[in-house]
Amino acid sequence: MEGVLSILTNPYYNQVLTMMGIFLIAALGLHLITGVTGQFSFGHAAFLSIGAYSSALMTIYLHTPFFLNMLVGGLLAALFGILLGIPSMRLTGDYLGITTLGFGEIVRIVFINTKITGGAMGLGGIPKETNIAIVYILVVLTVFSLYRIQNSRFGRALAAIREDEIAAETMGINVYWYKIKAFAVGTFFAGVSGALFAHMMQYLNPSDFGFSRSFDILNFVVLGGLGSIPGTILGTAVLSLAPEFLRFVKEYRMLIYGALMILMMIFRPYGLLGNVDLVRVFRSLRSRGAGKGTVSGDS
Amino acid sequence: MPVLLELDHMTIRFGGLIAVSELNMQVEEGKIGSLIGPNGAGKSTVFNVITGIYTPTRGKVTFKGQNITGLKPYAITSLGIARTFQNIRLFKNLSVLDNVKIGRHCRAGGGIFGALTRHPGIKREEKTIAEKSLSALDLVGLTAKKNEQARNLSYGEQRRLEIARALAAEPVLLLLDEPAAGMNPQEKQTLMQMILNIRQTGVTILLVEHDMKFVMNISDCVDVLDYGCKIASGTPSEVQKDPAVITAYLGKEVG
Ligand SMILES: Nc1ncnc2c1ncn2[C@@H]1O[C@H](COP(=O)(O)OP(=O)(O)OP(=O)(O)O)[C@@H](O)[C@H]1O
Ligand SMILES: [Mg+2]
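The model shown is predicted, which means the values in this text are computed figures rather than measured ones.

Draft legend 1. Just the interface of chain A and chain B, in detail. Listed per partner, the contact involves 30 residues of chain A and 35 residues of chain B. Summed over both partners, the interface of chain A with chain B buries about 2,900 Å², with 57% contributed by carbon and sulfur atoms. Seen at the junction of chain A and chain B, the total is two salt bridges. Between Asp164(A) and Arg89(B) there is a salt bridge; the shortest N-O distance is 2.8 Å. Counting across the interface, chain A meets chain B through twelve residue pairs in polar contact (both at pLDDT 80 or more). Going through the elements one at a time, α6 (132–150), α7 (153–163), α8 (165–170) and α9 (175–201) of chain A are the ones with two or more residues in the side of chain A that touches chain B. Take the side of chain A that touches chain B: its biggest share by element is eight residues, from α7(A). Of the residues assigned to the side of chain A that touches chain B, the class counts are 14 nonpolar, seven polar and nine charged.

Written as structure tokens, this is what we have:
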């Protein structure tokens, strides 16, 4: 208990955990797009930046309440998600990857060249509204929402698209439209995450939202396990805490990412927890425990 | 018997290859029709045109009196046509039950809002989806496997799961592309009974199958394709006697 308290009151740990929670929300959004629906997106940071700048500008100029600004940030990100989805969701694989990558760069360059966002100088003077409690309440809400989405008619349709698009379409699923919907939901969470980020850092710069940020978030999703919420949480925790606590990890971050990716592709192509339904694991463990002890501990 | 499905001068070409040429064909309501022909004759292509995966180059597809040519697959499915695939296309990493539930997609309406709120209407809908899916699994004898991942099923079980998934959509017309392929004689016998049971529930069936004994035993009428052209059509016994069929197709097996 003491230890937990000291982590929460220690400003450094508090900041690290808060940032982890903020990026976890974005990663969970990307998990729906890439992990569940199977669509590449290399420009997720652009949607964070849309949520970040729009909510920050609302706070600064309109003085509207933070939660409203965050919601608007999420919805604006989702709107751009839909606008990007309409032309690009007919593309697959590499082409979709390149399009989202390009979109990410375009958004960044637009923010660099816009006056009201402070351009390349950045946007300062954003009041601090984000704290660890708000972030983790929203993390819980996000996990809850995604869990419900995945276990619904809508979520099953998304998983069907990942598994086999032609079969999905033949089952009566409008694949194109469902991909856009998945993109809208996933980018909404990116926008919310961006709003939290803006009101945590109190300063925004377009360079916060470059390709390497998108790549980080994609790594969170892929390392933990495509299609698995616990996997995304694990991936985010490992990859955002490791650089903080192991100095050498920070210096060789890209190198380690690369090596990790290759190792994962060889040994665990579905990620650390990919394709593992934890609820089912717990249930089977429990039913074994309740059984008559005939199980030899071989697994 | 009224005509349920009609192909009218349907032609489809892939580049220089005419896969199906000027095909006229009818399937009557409540019947079991079969489409046979040598490898590459164009049978699966006909299925792909009926279900909207391909758009025909020329001609028309009519279902329940409605022109469905060029409609998207998901629209055609909700009109009441379901199918299985020759090269099994299950959702391999999903559970057997989820596969069937997805098959029922077109008979339900819950969206994102319903997923988040789980309001009473959605709970009722999910209950119906589960019940109907379980009864489809029961019909093909896969109830015990409902929590398995689809990829862990045996080949024959996967074929039956494809049928259950198609049945979950409560189709008017069921298209089966080589359902008996890779099955042993005993499994084929069970499958035949299963198909007859499905017809008993009022579903019209169109079958593509290479096993002649299977086709001749189960079909009310048979159409024969060769190199994309229809060369014969009639009852199983008429078709078996047809000289064009014997040379093109059965001849190889007899001789
Ligand atoms: N998408 C496509 N693009 C190009 N050619 C195609 C395509 N689909 C089918 N074909 C060609 O059309 C012809 C008919 O193929 P189809 O799969 O319909 O045959 P089939 O009667 O189902 O044969 P089988 O008994 O081997 O399943 C073949 O020559 C095939 O190569
Ligand atoms: Mg075929």
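Don't stop here, the text continues.
Draft legend 2. Expanded view of the pattern of salt bridges. All names here are of chain B. Under the criterion given, the structure shown has 15 salt bridges over all chains. Residue Lys31 pairs with Glu28 through a salt bridge whose shortest N-O separation is 3.0 Å. In this structure Lys31 comes out as partly exposed when scored by relative accessible area, which is 27%. The partly exposed category is assigned to Glu28, whose relative accessible area is 29%. Glu157 is the salt-bridge partner of Lys145, the closest N and O atoms lying 3.3 Å from each other. Separated by twelve residues along the polypeptide, Lys145 in the loop between α5 (120–139) and α6 (155–167) and Glu157 in helix α6 bring together distant segments of the chain.

Draft legend 3. Representation of the site of ligand 1 within the structure. Residues and elements named next belong to chain B. Around ligand 1, the structure places 14 residues, and the nearest of them are Lys43, Ser44, Thr45, Gln86 and His210. Tyr54 is positioned such that a nitrogen or oxygen atom in its side chain is 2.8 Å from a nitrogen atom of ligand 1. Between ligand 1 and Gln86 there is a distance of 2.8 Å, counted from an oxygen atom to a side-chain nitrogen or oxygen. With the chains in place, 65% of the 630 Å² that ligand 1 exposes on its own is no longer accessible. Secondary-structure elements contributing two or more residues to the shell around ligand 1 are β2 (17–28) and α1 (43–50).

Draft legend 4. The coordination of the magnesium ion (ligand 2), seen in detail. Residues and elements named next belong to chain B. Taken together, the protein ligands of the magnesium ion (ligand 2) are Ser44 (OG) and Gln86 (OE1), with distances of 1.9 to 2.1 Å. In this pair, Ser44 sits in helix α1 while Gln86 sits in the loop between β6 (81–83) and α3 (96–103), placing the two residues 42 residues apart along the sequence. The class of Ser44 is partly exposed, set by a relative accessible area of 23%. Since its relative accessible area comes to 33%, Gln86 is described here as partly exposed.

Draft legend 5. The arrangement of the domain arrangement of chain B in detail. Residues and elements named next belong to chain B. Domain parsing of chain B yields domain 1 (1–67 + 170–181 + 204–254) and domain 2 (80–169). When each unit is reduced to the centre of its C-alpha atoms, the spacing between domain 1 and domain 2 is 27 Å. If you look at the interface, domain 1 gives 19 residues, while domain 2 gives 17 residues. Summed over both sides, the interface between domain 1 and domain 2 buries roughly 1,500 Å², with carbon and sulfur atoms accounting for 54% of that surface. Taken together, the connections running from domain 1 to domain 2 amount to two salt bridges. The shortest N-O distance in the salt bridge between Glu170 and Arg104 comes to 2.9 Å. Inspection of the domain 1/domain 2 interface yields 15 residue pairs in polar contact (both at pLDDT 80 or more). Contributing elements (two or more residues each) for the side of domain 1 that touches domain 2: α1 and β7 (173–177). Top element by residues in the side of domain 1 that touches domain 2 is β7. It accounts for five residues. A per-class count over the side of domain 1 that touches domain 2 returns 13 nonpolar, three polar and three charged.

How each quantity is defined
Residues numbered from 1 in each chain as written. Chains lettered and ligands numbered in written order. Predicted model: local features only at pLDDT ≥ 70, side-chain atom pairs only at ≥ 80, totals over all residues. Heavy atoms only, no water. Contact = heavy atoms within 4.5 Å. Buried area = accessible area lost by both parts, 1.4 Å probe. Salt bridge = Lys/Arg side-chain N within 4 Å of Asp/Glu carboxyl O. Polar contact = N/O pair within 3.5 Å; in protein donor to acceptor, adjacent residues only side chain to side chain. Helix = DSSP H or I, 4+ residues; strand = E, 2+ residues; numbered from the N terminus. Nonpolar A, V, L, I, M, F, W, Y, C, P; charged D, E, K, R; others polar. Buried < 20%, exposed > 50% of the residue type's maximum accessible area, 1.4 Å probe, protein only. Near = heavy atom within 4 Å. Areas by Shrake-Rupley, 256 points an atom, 1.4 Å probe, with all protein chains shown as cover. Donors = N, O, S within 2.8 Å, 3.2 Å for Na, K, Ca; no water. Domains from an automatic or database assignment.

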